[in-house]
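Analysis of the macromolecular model
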Amino acid sequence: MFVAGARPNFVKIAPLLREFAKHRDVFKTSLVHTGQHYDFEMSGVFFQGLQIPAPNIHLNVGSHSHAVQTARIMIAFEKVVTAEKPDLVVVVGDVNSTMACALVVTKLGVKLAHVEAGLRSFDRTMPEEINRVVTDSLSDYLFVSEESGLKNLRREGVSSDKVHFVGNVMIDSLIWAGKHVGKSKVLDDLNLTEKEYGVVTLHRPANVDSDRSLLEIYDILRIVSEKIELIYPVHPRTRTMLKKHGLIKKLTDLTNLRLTEPLGYLDFVKLMKESRLVLTDSGGIQEETTALGVPCLTIRENTERPATVKHGTNTLVGKDKQKIARCVTNILRENFKQGKVPALWDGTASQRIAGIIRDQIVDRPVA
Ligand code: UD1
């Protein structure tokens, strides 16, 4: 049983479902959608773009405070697991749905696999960090995407026979998208020329939940948009906050910045791939830009994905305006690190995961 709830989960679950479908001789799979994200732009469009089969079960939980959202997912998912009796539940990433379902599964004595295990920002003010630590501590199978994850789990005392270094399922989707992205008309629709614009995405509570921080973001976008045109697909959380603090007009008044609705997967991949640079606070986009070789400036003080900084094209810039301006100038002068793709980010992580689960659960010799 696979669980997905929020936008980044759909990108990770798609290649897993595709791969497990090749093992129909041994696996019967089902997909549970928690409903953490529910707008068409945050959910349905990803099912279409990534060709994900419709969920077998939908929990329709919606947006609430962390405790209420987590609790509602747990109550609804407990009923599902009790009725369906899966042999294994697979959760991905670090969102509230991931942790809520992990707690349910473990308490019911069902085996749990976590895809994207071991990542740590060491910043407990991030809800995702709590979700990662809890989910990893409960999992029977920990599938790790980058080398830092192995080190983190070892330090936390997780038994090495539970840990499998498999690579990155997000990059499986990205490589799959490479074959389909030709269909996207996003550059024409937005009247953009390759490598002549930058892309912005911001939605972390630390960046968008206070007016002080939003004003700093506004300054950053003003400075960067004086150097290059920016396209900014706005996350619903951010839109709500921009409205609340009266900043939408201020942003739309910047001549070289365009706000759009959130984009579908193929359109966003195309937009990112052809851009000159990306400014983000997303985890997944740090990885995708590294795999695409596109310069990425991450508006955070830390990252749980250090391989993107060590090997890839990512630079942590926080909200340091001077540093950001310097980095953008260097990128525009082609004077920026090239980066290389981290180990095993090769499009076959899901294949490795299905193989390991098949070997360990299905093909294990009876004692
Ligand atoms: C969640 C994840 C985050 C992930 C992000 C990707 C957690 C703690 N956070 O953050 O790790 O990077 O998704 O998008 O799980 N909303 C809508 N429509 C939707 C979904 C949300 O309007 O379909 C609005 C609601 O006003 C909601 C707000 O966005 O209150 C936040 O949604 P929520 O799922 O709680 O967290 P995200 O900020 O999206």
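A brief structural summary. All values derive from a computational prediction rather than experimental measurement.

With respect to the overall build of the chain
Counting its secondary structure elements, the chain contains 17 helices and 13 strands. Here the C-alpha atoms of the chain give a radius of gyration of 20 Å, agreeing with the 21 Å that 2.2 N^0.38 yields for 367 residues. For the chain, the spread of C-alpha atoms along the three principal axes comes to 65 × 40 × 40 Å. Burial analysis of the chain (367 residues in total) assigns 57% to the buried set. Accessible surface, the chain as shown: approximately 15800 Å² in total, 51% of it carbon and sulfur. Treating the 49 positive side-chain charges of the chain as one cloud and the 43 negative ones as another, the clouds have centres 1 Å apart.

Re helix 4 (residues 96–107)
Residues separated by three or four positions in an α-helix point in the same direction, a consequence of the helix having 3.6 residues per turn. Between its terminal C-alpha atoms helix 4 stretches 17 Å, which fits the 16 Å expected from 12 residues at 1.5 Å a residue. Within the span of helix 4, buried status applies to N96, S97, T98, M99, A100, C101, A102, V104 and V105. As for helix 4, its buried residues are in contact with strand 1 (2–4), helix 1 (7–20), helix 3 (66–84), strand 4 (88–92), strand 5 (111–117) and helix 5 (127–138). Positive phi shows up at G109, right after helix 4, with a value of about 75°.

Details of the environment of K227
One can find K227 in the loop between helix 10 (211–225) and strand 9 (229–233). Between the C-alpha atom of K227 and that of N168, which follows or precedes it by 59 residues, the distance is 33 Å. Side chain to side chain, K227 and T329 meet in a polar contact 3.2 Å long.

Procedures and definitions
- Numbering of residues starts from 1 in every chain and runs along the sequence as written.
- Only residues with pLDDT of 70 or above have their local features reported here, since the model is predicted, and side-chain atom pairs are shown and tallied only from 80 upward, although totals for entire chains, interfaces and linings are computed over all residues.
- Only hydrogens and water are set aside; all other atoms, that is, all heavy atoms of the structure, feed into the side-chain values.
- Every helix listed is a DSSP run of H or I at least four residues long, and every strand listed is a run of E at least two residues long, numbered separately from the N terminus.
- Only C-alpha atoms enter the radius of gyration; for comparison, a globular chain is expected to reach 2.2 Å times N to the power 0.38, where N is the number of residues.
- In this scheme, a residue with accessible area under 20% of its type's maximum is buried, one over 50% is exposed, and one in between is partly exposed, where area comes from a 1.4 Å probe on protein chains only.
- Working definition of accessibility: Shrake-Rupley area with a 1.4 Å probe, residue cover restricted to the visible protein chains.
- We treat Lys and Arg as the positive residues and Asp and Glu as the negative residues; His and chain ends play no part in the count.
- To locate a charge, take atom NZ for lysine, CZ for arginine, CG for aspartate or CD for glutamate.
- By this rule the span expected of a helix is its residue count minus one, scaled by 1.5 Å.
- Any pair of residues with heavy atoms lying within 4.5 Å of one another is described as a contacting pair.
- Distance and chemistry together define a polar contact, namely a pair of N or O atoms within 3.5 Å, with one atom able to donate a hydrogen and the other to accept it when in protein, and with adjacent residues in sequence counting only for side-chain atoms on both sides.

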